[in-house]
Amino acid sequence: MKSIHLIAPSGASIDNQSPLAGINWLKSKGIAIQNSECVHRVHERFAGSDSERLKEINHLATLDPQNVVMVMRGGYGIHRLLADIHWSEIAKAVNNGLQICGHSDFTVFQLGLLAKTGAISLSGPMLNYDFGRLDESGAAISPDAFMWQNFETAIKERKLDCSVSAPQSFLGKTVSNSLSGILWGGNLTILAGLVGTPYLPSAQQTNNGILFLEDVNEHPYRVERMLMQLFDAGVLANQSAILLGSFSAYRLYDNDKGYSLERAIEVIRKRLPDSIPILTDLPFGHQSNKATLPVGAKASLDYSASGFTLKANW
């Protein structure tokens, strides 16, 4: 990986140190950084005006396809831009080799790209948190080794090989199996918000797919509510498997009285056919040790009560 082209399509950077620490770490690996000025843009809570951020996204169609595009951070903002994104032109660049990586709010771009064109993007690390983490004193923290290894493998080899060893409590009656399907998903809040829009991949595109989900700062009852929305919309029952990553940074309250994330998952498990496993502990989400997942690629999944292996080549 010779160069990374940065984009800031969503929220403005919360601090000045994180993006600069991330840029410095990547440069220490011999990687040239393009468009670094985007990390300084601020308009209200966004990383620039709508027109600035839209222009930056549409400019991806003109990049050298050998580039890797990385998002600065998530937040909110891309929903405003969806109607004016040049999907087919960007997809052409992707099909010529351009790789685009991010997660969180960037899920809306990735699912829109898949829905409109079928092109593959990478749900993986972003600049600020994954490469620019800081400790309490403001000193830079080295990026997670698992994250970096998986990201390099995805970029250089276009390969995913992720094994999870953890007890699986939501399998249904089928306790082990091997299956394959399109790998897709991302942030649960974003995905649920796309139901009924042209930016959610169709049932035909995702039929018998492998759906992965994660979220942050969402109480389990809100997670359950969004999963129920996907269930009622027919999305969940259309899958071969559902993989749950990290659901982090929420707080339980006294009035929950034993209600938990596990209870929320059980509610969905009881409504789904036993043939559709719900698998947990996927290393993905708002956490440091995340895999890089190819959104829209054909993947294979082997699972049992003790864990699972997810593989893809694209």
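Residues numbered from 1 in each chain as written. Predicted model: local features only at pLDDT ≥ 70, side-chain atom pairs only at ≥ 80, totals over all residues. Heavy atoms only, no water.

Caption draft 1: Examining the overall build of the protein chain more closely. In terms of regular secondary structure, the protein chain is built from ten helices and 13 strands. The C-alpha atoms of the protein chain give a radius of gyration of 19 Å, which matches the 20 Å a tight globule of 314 residues would have. Seen through its C-alpha atoms, the protein chain measures out along the principal axes to roughly 50 × 45 × 35 Å. Considering the protein chain as a whole, with its 314 residues, one finds that 58% of them fall into the buried category. If you take every contact in the protein chain between residues at least 6 apart in sequence, the share linking residues at least 24 apart comes to 82%. Within the structure as shown, the protein chain displays about 13,300 Å² of accessible surface, and the carbon and sulfur contribution to it stands at 47%. When the 27 positive and 29 negative side-chain charges of the protein chain are each reduced to one mean point, those points stand 3 Å apart. (Helix = DSSP H or I, 4+ residues; strand = E, 2+ residues; numbered from the N terminus. Rg over C-alpha atoms; globule rule 2.2 N^0.38 Å. Buried < 20%, exposed > 50% of the residue type's maximum accessible area, 1.4 Å probe, protein only. Contact = heavy atoms within 4.5 Å. Areas by Shrake-Rupley, 256 points an atom, 1.4 Å probe, with all protein chains shown as cover. Lys, Arg positive; Asp, Glu negative; His and termini not counted. Charge placed at Lys NZ, Arg CZ, Asp CG, Glu CD.)

Caption draft 2: Structural view of the packing of helix 9 (residues 220–232) against helix 10 (residues 261–271). Two elements in contact, helix 9 and helix 10, have axes whose closest approach is 8 Å; the angle formed by their N-to-C orientations is 15°. Classified by the angle between their axes, helix 9 and helix 10 sit roughly parallel to one another. Seen along the crossing, helix 9 lies across helix 10 with a hand that is right-handed. Taking contact as the criterion, the partners of P220, V223, E224, L227, M228 and F231 in helix 9 are, on helix 10, L261, A264, V267, I268 and R271. When its residues are assigned to classes, the contact of helix 9 with helix 10 shows nine nonpolar, no polar and two charged. (Axes fitted to C-alpha atoms, helices over the stretch in contact; angles between N-to-C directions. Parallel < 35°, antiparallel > 145°, perpendicular 65-115°, else oblique. Left-handed = near helix turned anticlockwise from the far one by under 90°. Nonpolar A, V, L, I, M, F, W, Y, C, P; charged D, E, K, R; others polar.)

Caption draft 3: Representation of empty space enclosed by the protein in the model. Enumeration according to the criterion identifies one cavity of 30 Å³ or more in this entry. By volume, the largest cavity amounts to about 40 Å³. Around the largest cavity, the lining residues are L227, L236, I242, L244, I265, I268 and I278. Of all the elements in the fold, those that place two or more residues in the lining of the largest cavity are strand 9 (239–248) and helix 10. (1 Å grid on protein atoms, 1.4 Å probe; cavity = no way out; pocket = protein on both sides within 12 Å on 5 of 7 lines; lining within 4 Å. Points joined across faces, edges and corners; volume = space filled by probe spheres on them.)

Caption draft 4: Representation of the packing of aromatic side chains in the model. By the definition in use, this model includes ten aromatic pairs. Through successive ring pairs, a cluster of aromatic residues spans W25, F131, W148 and F151. Over the ring of Y129 we find R133; its NZ or CZ atom is 5.8 Å from the centre of that ring. (Phe/Tyr/Trp six-rings, centres within 6.5 Å; stacked < 30°, edge-to-face > 60°. Lys NZ or Arg CZ within 6 Å of the ring centre and 35° of its normal.)

Caption draft 5: Focus on helix 6 (residues 145–157). Between its terminal C-alpha atoms helix 6 stretches 17 Å, which fits the 18 Å expected from 13 residues at 1.5 Å a residue. Residues of helix 6 that are buried: M147, W148, N150, F151, A154 and I155. Buried residues of helix 6 fall within an arc of 170° about the axis and therefore sit on the same side. The outward face of helix 6, more than 90 degrees from its buried face, is lined by the exposed residues A145, Q149, K156 and E157. (Expected span 1.5 Å × (residues − 1). Arc of directions from axis to C-beta.)

Caption draft 6: Broad picture of the pattern of salt bridges. Counted under the stated rule, the structure contains eight salt bridges. The shortest N-O distance in the salt bridge between D130 and K290 comes to 2.6 Å. Highlighted residues: D130 in helix 5 (residues 127–131) and K290 in the loop between strand 10 (278–279) and strand 11 (293–295), separated in sequence by 160 residues. Like D130, the residue K290 is buried in the burial classification. One salt bridge in this structure joins K156 and E152, with 3.1 Å as the shortest N-O distance. Of this pair, K156 and E152 both sit in helix 6, separated by four residues, roughly a single helical turn. Sharing partners across several salt bridges, the network here consists of D50, R53 and R80. (Salt bridge = Lys/Arg side-chain N within 4 Å of Asp/Glu carboxyl O.)

Caption draft 7: Geometry of the nonpolar core. Ranked by internal contacts, the top residues of the largest apolar core, which has 77 residues, are I85, F109, L301 and L310. When residues no more than four places from it in sequence are discounted, the contact partners of L301 are N177, S178, L179, I210, A241, L243, L279, F308, T309 and L310. Core analysis: the next-biggest nonpolar cluster, separate from the first, contains 22 residues, W25, I31, C38 and V39 among them. (Core = buried A, V, L, I, M, F, W, Y, C linked by side-chain atoms within 4.5 Å.)

Caption draft 8: Expanded view of the environment of I100. The topology assignment puts I100 in strand 4 (residues 99–102). Distance from I100 to V68, taken between C-alpha atoms, is 6.0 Å for residues 32 residues apart in sequence. Dropping the residues within four chain positions of it, I100 is found in contact with L60, V69, I90, V94, F106, F109, S121 and L122.

Caption draft 9: A look at the layout of surface pockets. In this structure, the largest pocket spans a volume of roughly 590 Å³. Lining the largest pocket are 28 residues, and of these R73, G74, G75, S104 and H286 lie nearest its centre. Within the residue set of the lining of the largest pocket, elements represented by two or more residues are helix 5, helix 7 (188–193) and strand 8 (209–216). When grouped by side-chain class, the residues that make up the lining of the largest pocket number seven nonpolar, 14 polar and seven charged.

Caption draft 10: Representation of the packing of helix 3 (residues 87–95) against helix 4 (residues 107–117) in the model. Running from N to C, helix 3 and helix 4 point in directions that differ by 95°, and their axes come no closer than 10 Å. Taken together, the axes of helix 3 and helix 4 are roughly perpendicular relative to one another. Each of W87, S88, I90 and A91 in helix 3 lies in contact with helix 4, whose residues at this interface are F109, G112, L113, K116 and T117. When its residues are assigned to classes, the contact of helix 3 with helix 4 shows five nonpolar, three polar and one charged.

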